[in-house]
Amino acid sequence: MPAPQVTIAIAFTADDQAWVRREGVSLPDFWSQHTTAPVVGDVMRIGGRQFVVMVRVWEHEGGRPLLRLYLSSGRADSDTSFHGISA
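Residues numbered from 1 in each chain as written. Predicted model: local features only at pLDDT ≥ 70, side-chain atom pairs only at ≥ 80, totals over all residues. Heavy atoms only, no water.

Peer 1: Account for the nonpolar core, naming residues and giving values.
Peer 2: Soluble, globular proteins show a tendency: their nonpolar side chains are buried together. Core analysis: the largest hydrophobic core is formed by twelve residues, namely Phe12, Trp19, Val20, Val25, Trp31, Met44, Ile46, Phe51, Val53, Leu67, Leu69 and Leu71. Only α1 (14-23), β2 (43-46), β3 (49-61) and β4 (64-71) provide two or more residues apiece to this core. Of the residues forming this core, the biggest block, three residues, is contributed by β4. (Core = buried A, V, L, I, M, F, W, Y, C linked by side-chain atoms within 4.5 Å. Buried < 20%, exposed > 50% of the residue type's maximum accessible area, 1.4 Å probe, protein only. Helix = DSSP H or I, 4+ residues; strand = E, 2+ residues; numbered from the N terminus.)

Peer 1: Give me the lowdown on the sheet that holds β3, citing residues and values where you can.
Peer 2: Strand order across the open sheet formed by four strands is β1-β4-β3-β2, with mixed pairing between neighbours. Every interior strand has two partners, whereas the edge strands, β1 (7-11) and β2, have only one. Averaged over neighbouring strand pairs, the angle between their axes works out to 45° when direction is ignored. Bridge count between β3 and β4: eight bridges; the pairing is antiparallel. Among the inter-strand pairings, Val53 is bridged to a residue of β4, identified as Leu71. (Pairing = 2+ DSSP bridges. Axes fitted to C-alpha atoms, helices over the stretch in contact; angles between N-to-C directions.)

Peer 1: So, α1: which residues are in play, and what are the values?
Peer 2: If you check which residues of α1 are buried, you get Asp16, Trp19 and Val20. Buried residues of α1, viewed axially, fall in a sector of 100°; they line one side. Away from its buried face, by an angle of more than 90 degrees, α1 presents the exposed residues Ala14, Asp15, Arg21 and Arg22. Buried residues belonging to α1 abut β2 and β3. Following α1 by one or two positions, Gly24 adopts a phi angle in the positive range, close to 65°. (Arc of directions from axis to C-beta. Contact = heavy atoms within 4.5 Å.)

Peer 1: Mind laying out the packing of aromatic side chains, listing which residues take part and the relevant values?
Peer 2: Inspection of every chain in the model, using the stated rule, returns two aromatic pairs. Aromatic side chains Phe12 and Phe51 sit 5.2 Å apart centroid to centroid with 75° between the ring planes, which places their arrangement in the edge-to-face category. Of the two residues, Phe12 sits in the loop between β1 and α1 while Phe51 sits in strand β3, which places them 39 residues apart along the sequence. With a relative accessible area of 13%, Phe12 lands in the buried category. Here the aromatic rings of Trp19 and Phe51 are separated by 6.4 Å at their centres, their planes lie at 40°, and the arrangement is tilted. Taken together, the positions of Trp19 in helix α1 and Phe51 in strand β3 put the pair 32 residues apart, joining distant regions of the chain. (Phe/Tyr/Trp six-rings, centres within 6.5 Å; stacked < 30°, edge-to-face > 60°.)

Structure representation (structure tokens):
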């Protein structure tokens, strides 16, 4: 029997959620086609800001598993922007 598809939802702080809406930032589907779910401590960059997965919460929605990721604030203490920086 195939494993059920897991939906991954990202939860931002209130300030970062307002920033996402205001700037029209599109949220990439980082984990599509991946067999490994994100873990606490994973880091991602969205719209030039860096976020850390702080908490994972497993839920069930519509008969499917849902993994909700609660992220750190995306603002660095120095208000550093990561636009144009490549690894």
